[in-house]
Amino acid sequence: MGKRIIIRRTPGGRISMLIKKAKGNPPKCAVCKKPLRGVVRDHPRKLRKYNKTQKRVSRIFGGYLCHSCLEKLLKETIRKEILKTFSSTT
Ligand SMILES: [Zn+2]
C-alpha cells in the first residue's frame, strides 16, 4: 500500500507536509465494476473501526451490487418466475 501526501498551511503560515498511509481502493459492484456509493473507503486494516452500517448499504446485496445492477437482476428473476408459472399452467 502506497503513501498519501497531504500539504497543509499551518496557522503560523508555514506549509507543512503530512505523509499518511494511502486509502484502499473503493469497493466495487460485482457486475459493472463501478465504485459503490455510501460505503466508507479506507485502509483495509482501518476498516475494522467502522460500524457495520458504514461498510454496506441497507438493501439486499448492499455493499456487493450497485442499485442499478440489483434492479436489473431482480426484474430478470421476476420475469423468469412469471414465465415459469405461465408455462407450467398451460
Ligand atoms: Zn453495478
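All values derive from a computational prediction rather than experimental measurement.

(A) Expanded view of a positive patch on the surface. On the surface, Lys3, Arg4, Arg8, Lys20, Lys21, Lys23, Lys28, Arg41, Arg45, Lys46, Arg48 and Lys49 cluster together to form a positively charged patch. Broken down by secondary-structure element, the contributors of at least two residues to the positive patch are β1 (3–9) and β2 (15–21). If one sorts the elements of the positive patch by residue count, β1 sits on top with three residues. Relative to the assigned elements, Lys49 resides in the loop between β2 and α1 (52–55).

(B) Structural view of the environment of Ala30. Note that Ala30 resides in the loop between β2 and α1. Taking the C-alpha atoms as reference points, Ala30 and Tyr64, 34 residues apart in sequence, are found 6.1 Å from one another. Ignoring any residue separated from it by four or fewer positions in sequence, one finds Ala30 in contact with Tyr64 and Leu65.

(C) Spatial organisation of the packing of aromatic side chains. Counting across every chain of the model gives one aromatic pair. With centroids separated by 6.3 Å and ring planes inclined at 35 degrees, the aromatic side chains of Phe61 and Tyr64 adopt a geometry described as tilted. Judged by relative accessible area, Phe61 falls into the partly exposed class, the value being 42%. Taking relative accessible area as the criterion, Tyr64 reaches 49% and is therefore assigned partly exposed.

About the criteria used
Residues numbered from 1 in each chain as written. Predicted model: local features only at pLDDT ≥ 70, side-chain atom pairs only at ≥ 80, totals over all residues. Heavy atoms only, no water. Patch = residues over 30% accessible without salt bridge, like charges linked within 9 Å, V, L, I, M, F, W, Y side chains within 5 Å. Areas by Shrake-Rupley, 256 points an atom, 1.4 Å probe, with all protein chains shown as cover. Salt bridge = Lys/Arg side-chain N within 4 Å of Asp/Glu carboxyl O. Lys, Arg positive; Asp, Glu negative; His and termini not counted. Charge placed at Lys NZ, Arg CZ, Asp CG, Glu CD. Helix = DSSP H or I, 4+ residues; strand = E, 2+ residues; numbered from the N terminus. Contact = heavy atoms within 4.5 Å. Phe/Tyr/Trp six-rings, centres within 6.5 Å; stacked < 30°, edge-to-face > 60°. Buried < 20%, exposed > 50% of the residue type's maximum accessible area, 1.4 Å probe, protein only.

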